[in-house]
Amino acid sequence: MSLVRAKKHLGQHFLTDKKIAEKIVNGLIHTDQYRQVLEVGPGMGILSDILLERENLETFMIDIDTESYHFLNEKYPQMGSRLINGDFLKMDLTAVFPGKFAIIGNFPYNISSQILFKVLEHRANVVEMVGMFQKEVAERCASKSGTKEYGILSVLIQAYYNIEYLFTVKPGTFNPPPKVNSGVIRLSRNKVESLPCDEKLFWTVVKAGFNQRRKTLRNALSGVLPKGKMDDHIFFEKRAEQLTVEDFITLTQHVAERAKIIIQTDEG
């Protein structure tokens, strides 16, 4: 088997340290809640080797790189249809995993946010995710309100998952080495089946608030609720980074109530 060439346009940096690979796989701690796990971007299989040793797990792999796919197909002939050559972001996860499952991977930096939004989209079935991202992204996801790192992903992820920053990985453990440190995080699905507010509006409020994060929410949310229809609620005078997940839920409920009053007034 010839080795796979790391491709810059795919954001590939292959992990070479087996001890780090073991630490990442050991990050899967809720295996009593699922049996199937999907590895995204297995590359040459350093995580896959360890995953396939776990008898309590049924491992699936998806890689967009055809060269990686052929390499892994030769390395793991037992995988059969569980090895997929395709784009994770376009993958119909519900067709492959009708039940609960986990996601793991050394994720390409250039699509990290899209991967996380895909996990959120399938939060009803993704029990757990352990992933390596650019350290800055990993820290942003795990950051709390009141910090400059706190943002859209922080709020949306923490609304549905408990998140832990597990450890930092230095560039020298990759081939080729990236220019920045990496961070490994674990997302564990919390007990919130649905938020006590209009969830679509919640996402809209969070995104609008942080898209103009230097402004107060009275100004940042003017496209969601006209400023003239806002009242003196204290959250309108704050900036998005000052609000916790619970605060955003309360704010969404309030925006929905104000919008309802507007509709009733217009109809009247």
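The present account deals with the structure reproduced in this document. Since the structure is predicted, the reported quantities are computational estimates derived from the model, not experimental observations.

### Notes on the sheet that holds strand β7 (residues 161-169)
Spatially, the seven strands line up as an open sheet ordered β4-β3-β2-β5-β6-β9-β7, and their pairing is mixed. Taken across any chain shown, the strands that pair with only one partner, and hence form the sheet edges, are β4 (83-85) and β7. On average, each strand axis in the sheet is tilted by 15 degrees relative to the strand beside it, whichever way the strands run. Relative to β4, strand β3 (residues 58-63) runs parallel, the two being bridged by three bridges. By the bridge assignment for β4, Asp63 is matched with Asn85. Sheet strands touched by helix α5 (residues 112-121): β5 (101-106), β6 (126-134), β7 and β9 (182-189). Its angle to β6, the strand with the most contacts, is close to 175 degrees.

### Considerations on unusual backbone geometry
It is generally the case that most residues other than glycine have a negative phi and that most peptide bonds are trans. Here the bond from Asn175 into Pro176 is cis, since omega is -10 degrees, no more than 30 degrees from zero. Positionally, Pro176 belongs in the loop between β8 (174-175) and β9.

### Focus: the pairing of β9
For a regular strand, side-chain orientation follows a simple rule: the groups alternate between the two sheet faces. Summarising burial for β9: seven of the eight residues are buried, a large majority. Note that β6 and β9 share seven bridges and pair antiparallel. Bridging from a neighbouring strand, Phe133 pairs with Gly183 of β9. In the sheet, β7 pairs with β9 via eight bridges, with the strands oriented antiparallel. Residue pairing in the sheet places Asn162 in a bridge with Ser188 of β9.

Criteria and thresholds
Residues numbered from 1 in each chain as written. Predicted model: local features only at pLDDT ≥ 70, side-chain atom pairs only at ≥ 80, totals over all residues. Heavy atoms only, no water. Pairing = 2+ DSSP bridges. Helix = DSSP H or I, 4+ residues; strand = E, 2+ residues; numbered from the N terminus. Axes fitted to C-alpha atoms, helices over the stretch in contact; angles between N-to-C directions. Contact = heavy atoms within 4.5 Å. Buried < 20%, exposed > 50% of the residue type's maximum accessible area, 1.4 Å probe, protein only.

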